[in-house]
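Remarks on the overall topology
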Amino acid sequence: MSKTDLYDAIARTGKALAHGKRLEIVELLAQGERPVQDLARTAELKLSTASAHLQVLRQAGLVTARAEGTKIFYRLAGDDVATLMSVLCRVADTHQAEVEAARRAYLDHDDIRLVGREELLASAVTGTALVLDVRPSQEYEAGHLPGAVSIPLEELADRLAEIPADTEVVAYCRGRYCVLSYDAVRLLRAHGRNAALLEEGVLEWRSDGLAVTH
C-alpha cells in the first residue's frame, strides 16, 4: 500500500460525516443508544433514509449496532466520535463565515446570557443555579450532567412551579447548536425567571471525557 492509500482510507471517515443529517444523527447518538425508528423520527427522516445514513456511518466505523427482537439499536463506536463531531463543529464555526451566519440566523441568541463550564460547576457547588436539562426524558435517563433536573421543553410551561423563583436557571440540551435550550431560556424569561444558557451540551461534555449521570 502507498501513502495515498493510507490517506484515502482516513478520508473515508470524513466522507461519512459529509452530510448534515449524518452529523445530526451523530449528535443524537451522543445522547445515548437508540433504535433506528426513534432516530428517524427525531431527525425528521424516512426510516429507509435514516437506515441508509446509519449504514454509511457504520461502514466508516463510527457507529455500532445491535439487535433486540425486531429492533436495531445504534450507538457511537466510542466517545472519540463525539470528540470528532465537536471539534468539526468548532473548526467550521471558527473558519467558515457562513456557519457563523447560519448559526446566528437559526439560534438568534444575542439577547441570551451564555454560561461556561467553569461557571456552571461553581454555581452547582454553591447552589446558586439550577441546572435544567430540557431534552426528552429518555435522553436524560440515558445520561445527563451531574445534578441536572429534567423538565422536557414541551412540559416546561406547565411545570414552572417546580422551579424556585429566586434561583437562576441554566438550561442545556444535546449540543451547542440544539435549539431546545434556547427556546427554554426564552420561555423562562417571558415568565419573569432569571435564565441563562449553557454554551455547550451533552455532546461537548461527552467529547471532553466528562462523566454523565445515569
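What counts as what
The residue count restarts for each chain, going from 1 along the sequence in the order it is written. Two thresholds apply to this predicted model, a pLDDT of at least 70 for residue-level local features and 80 or more for giving and counting side-chain atom pairs, whereas whole-chain, interface and lining totals are computed over all residues. No hydrogens and no water enter the side-chain calculation; it runs on all heavy atoms of the structure. Disulfides are defined as pairs of cysteine sulfur atoms found within 2.5 Å of each other. Pairs were defined over the aromatic rings of Phe, Tyr and Trp, the Trp ring being its six-membered one, requiring ring centres within 6.5 Å. Orientation was assigned from the angle between planes: stacked under 30 degrees, edge-to-face over 60, tilted for the rest. When the NZ atom of lysine or the CZ atom of arginine is within 6 Å of a ring's centre and also within 35 degrees of its normal, the charge is said to sit over that ring. UniProt positions are given in the numbering used here, feature names are shortened, and annotations may be inferred rather than shown by experiment. Each helix is a run of H or I in the DSSP string that is no shorter than four residues. Each strand is a run of E no shorter than two, and both are numbered from the N terminus. Patches here: salt-bridge-free residues with over 30% relative accessible area, like charges joined within 9 Å, nonpolar side chains (Val, Leu, Ile, Met, Phe, Trp, Tyr) joined within 5 Å. Residue burial considers only the protein chains on display, and all accessible areas are found by Shrake-Rupley using a 1.4 Å probe. A pair is scored as a salt bridge if a Lys or Arg side-chain nitrogen falls within 4 Å of a carboxyl oxygen belonging to Asp or Glu. Any two strands are treated as partners once DSSP identifies two or more bridges connecting them. A contact between two residues is defined here by any heavy atoms of the two lying within 4.5 Å. Fitted lines through C-alpha atoms serve as axes, helices being fitted only where they are in contact, and the angles separating the N-to-C directions of these axes extend from 0 to 180 degrees. For the purposes of this section, nonpolar cores are sets of buried Ala, Val, Leu, Ile, Met, Phe, Trp, Tyr and Cys residues that join through side-chain atoms within 4.5 Å. Think of it in three bands: residues with accessible area under 20% of the maximum for their type are buried, residues over 50% are exposed, and the middle band is partly exposed, with areas taken using a 1.4 Å probe on protein chains only. Any angle that is under 35 degrees is reported as roughly parallel, and any over 145 degrees as roughly antiparallel; angles of 65 to 115 degrees are reported as roughly perpendicular and all others as oblique. Here a crossing is called left-handed whenever its near helix is offset anticlockwise from the far helix by less than a right angle, and right-handed whenever the offset is clockwise. Following the grouping adopted for this structure description, the nonpolar residues are Ala, Val, Leu, Ile, Met, Phe, Trp, Tyr, Cys and Pro, the charged ones are Asp, Glu, Lys and Arg, and the polar ones are all others, Gly among them.

1. Details of the state of the cysteines
Counted under the stated rule, the structure contains one disulfide. With no disulfide of its own, Cys-89 lies 12 Å from the sulfur of Cys-178, the closest cysteine sulfur.

2. Description of the packing of aromatic side chains
What the rule picks out here adds up to zero aromatic pairs. Positioned above the aromatic ring of Phe-73 is the side chain of Arg-66, whose terminal nitrogen or guanidinium carbon lies 4.7 Å from the ring centre.

3. Considering the UniProt feature "domain: HTH arsR-type" (unreviewed entry) in the protein chain
On the UniProt side, "domain: HTH arsR-type" (unreviewed entry) is annotated at positions that read residues 2-96 here. Span residues 2-96 is 64% helix and 15% strand, its end C-alpha atoms 32 Å apart.

4. Structural notes on a nonpolar patch on the surface
A grouping of Leu-6, Tyr-7 and Ile-10 is seen on the molecular surface, where their side chains present a nonpolar patch of about 330 Å² in accessible area. Among the secondary structure elements, Tyr-7 is positioned in helix H1 (residues 3-16).

5. Considering the sheet that holds strand S7 (residues 168-172)
The strand order across the open sheet built from five strands is S4-S8-S7-S5-S6, with neighbouring strands paired in parallel fashion. At either margin of the open sheet sits one strand with a lone partner, and together these are strand S4 (114-115) and strand S6 (149-150). Of the pairings in the sheet, the one linking strand S5 (residues 129-133) to S7 comprises five bridges and is parallel in character. Within the sheet, the bridge partner assigned to Val-131 lies in S7 and is Val-170. The strands that helix H10 (residues 179-190) touches are S5, S7 and strand S8 (195-198); relative to S8, the one it contacts most, it runs at about 170 degrees.

6. Looking at the pairing of S8
One ladder, built from two bridges, connects S4 with S8; its direction is parallel. Bridging from a neighbouring strand, Leu-114 pairs with Leu-197 of S8. Where S7 meets S8, three bridges bridge the pair, whose relative direction is parallel. Residue pairing across strands places Ala-171 opposite Leu-197, the latter belonging to S8.

7. Topic: the nonpolar core
Counting 24 residues, the largest nonpolar core has Val-26, Leu-29, Leu-54, Leu-57, Tyr-74 and Leu-76 as the members making the most contacts within it. Elements with a minimum of two residues in this core: helix H2 (20-29), helix H3 (36-42), helix H4 (47-59), strand S3 (71-76) and helix H5 (79-95). Within the second largest apolar cluster, 21 residues are counted, among which are Leu-107, Val-169, Leu-180 and Leu-188.

8. Comments concerning the packing of H2 against H5
Contact pair H2 / H5: the axes reach a minimum separation of 10 Å and the direction vectors enclose 130 degrees. What the angle tells us is that H2 and H5 run oblique. The interaxial crossing formed by H2 with H5 has left-handed handedness. Each of Leu-23, Val-26 and Glu-27 in H2 lies in contact with H5, whose residues at this interface are Val-81, Met-85 and Leu-88. Residue classes in the contact of H2 with H5 are distributed as five nonpolar, no polar and one charged.

9. Some thoughts on the pattern of salt bridges
On inspection of all chains with the given rule, the structure shows 20 salt bridges. Between Glu-24 and Lys-21 there is a salt bridge whose closest N-O contact spans 3.1 Å. Taken together, the residues span about one helical turn, with Glu-24 and Lys-21 both in helix H2 at a distance of three residues. Relative accessible area serves as the criterion here: at 27%, Glu-24 is assigned to the partly exposed category. By relative accessible area, Lys-21 is classed as partly exposed at 23%. A salt bridge links Glu-139 to Arg-174; the shortest N-O distance between them is 2.7 Å. In this pair, Glu-139 sits in helix H8 (residues 137-142) while Arg-174 sits in the loop between S7 and H10, placing the two residues 35 residues apart along the sequence. Accessibility assignment for this pair places Glu-139 and Arg-174 in one class, buried. Bridged by salt links that share partners, the residues Arg-34, Asp-38, Arg-41, Glu-139 and Arg-174 form one connected network.

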